[in-house]
Amino acid sequence: MPDYKFNRTTLVYLLPIALLVISLFVGRYQTPLAAVADESISAFSSLFFGTPASVSTQHTVLFNVRLPRILAALLVGAALSIAGASFQGIFRNPLVSPYILGVGSGAGFGACLAILLWNNYLIIQLMAFAFGLLAMFIAISMGKVSKGTGTLVFVLSGIIVSSIFTALTSLAKYVADPYDQLPAIVFWLMGSLATVRYGDLLYILLPIFIGTLVLLLFRWRINILSLGDEEAKALGMDVEKMRLVIIVCATLVTSAAVSISGVIGWVGLVVPHISRMIVGPNYSRLLPMSMVIGASFMLIVDDLSRTIVATEIPLGILTSLVGAPLFAYLIKKGRMGWN
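Described in the following lines is the structure provided in the data block. (Residues numbered from 1 in each chain as written. Predicted model: local features only at pLDDT ≥ 70, side-chain atom pairs only at ≥ 80, totals over all residues. Heavy atoms only, no water.)

Quick word on helix 5 (residues 103–117)
- Compared with the 21 Å implied by 1.5 Å per residue over 15 residues, the 21 Å span of helix 5 between its first and last C-alpha is a close match.
- The element helix 5 is largely enclosed, with a buried count of 12 among its 15 residues.
- Buried within helix 5 are the following residues: Val103, Gly104, Ser105, Gly106, Ala107, Gly108, Phe109, Gly110, Ala111, Cys112, Ala114 and Ile115.
- In the segment just after helix 5, Asn119 is the residue with positive phi, at about 55°. (Helix = DSSP H or I, 4+ residues; strand = E, 2+ residues; numbered from the N terminus. Expected span 1.5 Å × (residues − 1). Buried < 20%, exposed > 50% of the residue type's maximum accessible area, 1.4 Å probe, protein only.)

Put into structure tokens, the structure is as follows:
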């Protein structure tokens, strides 16, 4: 008889589902178990059988406020984590994050510009997404025209692009209205999912799906790229072309996530190391595990942000407060899981 042992890895894969259910009960508005069950039955009946949907306050809180935010946290956490793991593999550097090519700074400036000129939520999302991709293309173009070789050129190009967009963001904050525009800019840059609705998820679902699908299909190629350029070329791989494909897909995923959440740090840096401790460095297992751990981590952080105090704490603050000490602990214990 085959052994269907339920190991710890299987339990980890079920973690986001369990956290999703628990998060429906988390918040300042009390939602008893019976109320959640009744509203869930009502929502599914309305969706599949066309029965009239509930218009109660509990239904509004659960399915119009909490559920889209929960789904967004899962999506953003998974996206940032798989992008961070992919970048760490192709750059062969455990300190690389999804923002290595200036995507975060570019998206931040795009959002600031949209707040200054239009202050429309949809335009803010689109501008953040577009400028995140623009930053990546500028960094890649700089790397292509330089005389250097290897991944170091892309890293240095990303630092340059990030510095430029950071300066432009500071300029935008300097000229912003201090009573209206400046607080909106600062709050967006710190990260939040408070205003996410189902429509926002639809806008980012396609780019995240496409980027994630390509990364998962090519995850064994990331294993080869992590060996080094010479080894990859010896195995017959077109290193430059494959690296470019992975960079574009990882940046597409990152830009889409940042466009609705703001710039949230440490997730794409710390989560891949935690995943390596669980499944090892093989990217065939590491990328799916990074998505699961990242989604769970972001959902837990979002639950904390809306329950610790009466006023919501920006996600970027909490991820830094949690991620930095955790990363320091991994370094101290030598548990980076890189080798």
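There's more to say after this.
Quick look at empty space enclosed by the protein
- One pass over the structure, following the stated rule, counts 1 cavity of 30 Å³ or more.
- The computed volume of the largest cavity comes to approximately 40 Å³.
- Residue lining of the largest cavity: Lys144, Phe154, Glu240, Arg243, Leu244 and Ile247, and that is the complete set.
- A total of 4 residues in the lining of the largest cavity trace back to one element, the largest contributor, which is helix 12 (residues 239–261).
- Per-class residue counts for the lining of the largest cavity are 3 nonpolar, no polar and 3 charged. (1 Å grid on protein atoms, 1.4 Å probe; cavity = no way out; pocket = protein on both sides within 12 Å on 5 of 7 lines; lining within 4 Å. Points joined across faces, edges and corners; volume = space filled by probe spheres on them. Nonpolar A, V, L, I, M, F, W, Y, C, P; charged D, E, K, R; others polar.)

Remarks on the environment of Arg219
- When you line up the elements, Arg219 lands in helix 10 (residues 219–225).
- On the accessibility criterion, Arg219 (27% relative accessible area) is partly exposed.
- It is 8.8 Å that separates the C-alpha atoms of Arg219 and Leu286, two residues lying 67 residues apart in sequence.
- If sequence neighbours within four positions are ignored, Arg219 has contacts with Tyr283, Ser284, Leu287 and Pro288.
- Polar side-chain contacts of Arg219 include one of 2.4 Å to the backbone oxygen of Leu216. (Contact = heavy atoms within 4.5 Å. Polar contact = N/O pair within 3.5 Å; in protein donor to acceptor, adjacent residues only side chain to side chain.)

What to know about a nonpolar patch on the surface
- On the surface, Ile160, Ile164, Leu168, Leu171, Tyr174 and Val175 cluster together into a nonpolar patch covering about 620 Å² of accessible area.
- Here Val175 lies in helix 7 (residues 151–175). (Patch = residues over 30% accessible without salt bridge, like charges linked within 9 Å, V, L, I, M, F, W, Y side chains within 5 Å. Areas by Shrake-Rupley, 256 points an atom, 1.4 Å probe, with all protein chains shown as cover. Salt bridge = Lys/Arg side-chain N within 4 Å of Asp/Glu carboxyl O.)

Concerning the pattern of salt bridges
- Taken as a whole and judged by the stated rule, the model has 6 salt bridges.
- Its salt-bridge partner being Arg69, residue Asp302 comes within 3.0 Å of it at the nearest N-O pair. With Asp302 in helix 14 (residues 283–305) and Arg69 in helix 4 (residues 57–91), the pair connects residues that are 233 residues apart, well separated along the chain. Comparing Asp302 with Arg69, the two get one shared label, buried.
- Across the pair Arg306 and Asp303 runs a salt bridge whose closest N-O atoms are separated by 3.0 Å.
- On the basis of relative accessible area, Asp303 is assigned to the buried category, the value being 11%.
- Bridged by salt links that share partners, the residues Arg69, Asp302, Asp303, Arg306 and Glu312 form one connected network.

Some details on the environment of Pro288
- Checked against the element boundaries, Pro288 lands in helix 14.
- As a C-alpha pair, Pro288 and Arg219 span 69 residues in sequence and 9.6 Å in three-dimensional space.
- Pro288 has contacts with Tyr13, Leu216, Arg219 and Tyr283, leaving out every residue within four places of it along the chain.

These values are about where atoms sit, not about what they do.
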